[in-house]
Amino acid sequence: MSIQNQALFYYRNVCDYESSIKSDVTLSGAVIAGLAEYSDLLRTTYQDWRSYETSTVPSERTKIGIMTDDLENYHNLTNTLDCLFAVTTVGELCSEGVIQYLSVQKNLFKSEYKKSVTFSFKMLEKYGFYFCFFKGDKAVDEYKRCDNFQFCYENGEHLIDAINFIAHQFTKKEKKKEMPPKVAFMLADYYFILTGNVNQNPTQQSILNTLGALSEIWEELVRVMQDECGLIADSSFNPYVFPNRTVTFKYNKNTICKFGINVDRLNIRLPLSFEAAKDLITKRTSLPQSINHNIDLFDCINCGKCENKSNIVIVDGVPLCNLPYSNFVTEDSRCLRFDITADEEVKVICDIIRKL
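Residues numbered from 1 in each chain as written. Predicted model: local features only at pLDDT ≥ 70, side-chain atom pairs only at ≥ 80, totals over all residues. Heavy atoms only, no water.

A. Molecular detail of the packing of helix H3 (residues 68–90) against helix H5 (residues 118–126). Taken N-terminus to C-terminus, the directions of H3 and H5 make an angle of 75°; their axes are 9 Å apart at the nearest point. Comparing their axes, H5 and H3 come out roughly perpendicular. Between H3 and H5, the contacting residues are Asn-76, Asn-79, Thr-80, Cys-83 and Leu-84 on the first element and Phe-119, Ser-120, Phe-121, Met-123 and Leu-124 on the second. Each residue belonging to the contact of H3 with H5 can be placed in one class, and the counts come to six nonpolar, four polar and no charged. (Axes fitted to C-alpha atoms, helices over the stretch in contact; angles between N-to-C directions. Helix = DSSP H or I, 4+ residues; strand = E, 2+ residues; numbered from the N terminus. Parallel < 35°, antiparallel > 145°, perpendicular 65-115°, else oblique. Contact = heavy atoms within 4.5 Å. Nonpolar A, V, L, I, M, F, W, Y, C, P; charged D, E, K, R; others polar.)

If you want it as structure tokens, here you go:
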């Protein structure tokens, strides 16, 4: 294993500032230029994922499925961004002539970032940041001896201004569990930064970037679900260990289906009514193999709602439960769950949704 896939996911989800974002915040030209520099910095960081693979711990599988060395390497990457976020959060914007920097009190910084700074500072310096350490007003040569430091950037004249602006935006917005500030920061999610809301557009550029060659398939699915069927998309972002997005389509408050979005991968979870499942079974010879495989999985799941499988109906040799599903578990008796890769699969899915 490797952290390459996680880094690629973050790389593809880095956002760019768009003037079309509706916000009551007026941005200066310098800040806009700095936001572009910041997006470039994040992409450079995620492309450099090999530099974070430094773990020497024995490689063993953890309970969550990631190897111990990969997990440590992944934390090397995320901690570096967390460190930058902490500096940005507590730093005070200062300038000397045209040079801007953040003045950071060490005690405030340590209250925000409680991990070792050795590796994170080294990586930040690699990307063009540099530190000037002080004890009071006197310069000292290392972090451990300082009580304050200046944080500067040499690869762009507006980035410091931009990340200071981002930090101040977070202090003005109500915290939302759907998008923690650290996550918005590591994605340069300017929609959230400027509006305080999660972007619910299922065809936003970061989603299309993540799906890569599957983006056209996704756009067709969204077109049918939203424009033809009137379903509402609800997007969520999981930033932890195995980062991914989930887009749930709902009718009123009822969940119709869910899509998992990862790097070059699109999977679906579509619970079926008894009639919809029966219809698929009767025409299974014309269906894609991926859907036929799911039909083979239709069966009693021993949910306890009947005795001796009394609610199982055999349809063309397939055991099919005729109970209405009521939760995530009972849905499994009649559910399509697979990675979507072909137009013919999209056609079947869209036909099912239309009939709903």
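Having seen the structure, we can now continue with the description.
B. Geometry of the packing of aromatic side chains. Tallied over the entire structure, the rule returns 25 aromatic pairs. A centroid spacing of 5.3 Å and a plane angle of 80° characterise the contact between Phe-121 and Tyr-143, whose relative ring orientation is edge-to-face. Note that Phe-121 is positioned in helix H5 and Tyr-143 in the loop between strand S4 (138–140) and strand S5 (148–153), a separation of 22 residues in sequence. Accessibility assignment for this pair places Phe-121 and Tyr-143 in one class, buried. Consider the rings of Phe-121 and Phe-149, whose centres lie 6.1 Å apart with planes at 65°: the pair is edge-to-face. Of this pair, Phe-121 sits in helix H5 while Phe-149 sits in strand S5, and the two are 28 residues apart along the sequence. (Phe/Tyr/Trp six-rings, centres within 6.5 Å; stacked < 30°, edge-to-face > 60°. Buried < 20%, exposed > 50% of the residue type's maximum accessible area, 1.4 Å probe, protein only.)

C. The sheet that holds strand S6 (residues 232–238), seen in detail. Ordered in space as S6-S7-S8-S9-S12, the five strands form an open sheet in which the pairing is antiparallel. The outermost strands of the open sheet, each flanked by one partner alone, are S6 and strand S12 (335–339). Within this sheet the neighbouring strands show an average axis-to-axis angle of 15°, counted without direction. (Pairing = 2+ DSSP bridges.)

D. Region of interest: the packing of helix H2 (residues 29–47) against H3. Where H2 contacts H3, the two axes come as close as 11 Å, and the packing angle between them is 155°. In terms of axis orientation, H2 runs roughly antiparallel to H3. The way H2 lies across H3 gives a crossing that is right-handed. Facing H2, whose interface residues are Tyr-38, Leu-41, Leu-42, Thr-45 and Tyr-46, H3 presents Leu-77, Leu-81 and Leu-84. Classifying every residue of the contact of H2 with H3 by side-chain character gives seven nonpolar, one polar and no charged. (Left-handed = near helix turned anticlockwise from the far one by under 90°.)

E. Fine view of the sheet that holds strand S1 (residues 92–96). Strand order in this open sheet of five strands is S1-S2-S5-S3-S4, and the pairing throughout is antiparallel. Whereas interior strands pair on both sides, the edge strands pair on one side only; in this sheet they are S1 and S4. Neighbour-to-neighbour, the strand axes of this sheet turn through a mean angle of 35°, independent of strand direction. Bridging between strand S3 (residues 129–135) and S5 involves six bridges; their strand directions are antiparallel. When the bridges of S5 are listed, Phe-133 appears paired with Phe-149. Against the sheet, helix H6 (residues 159–172) touches S1, strand S2 (99–105), S3 and S5, its axis set at about 45° to S2.

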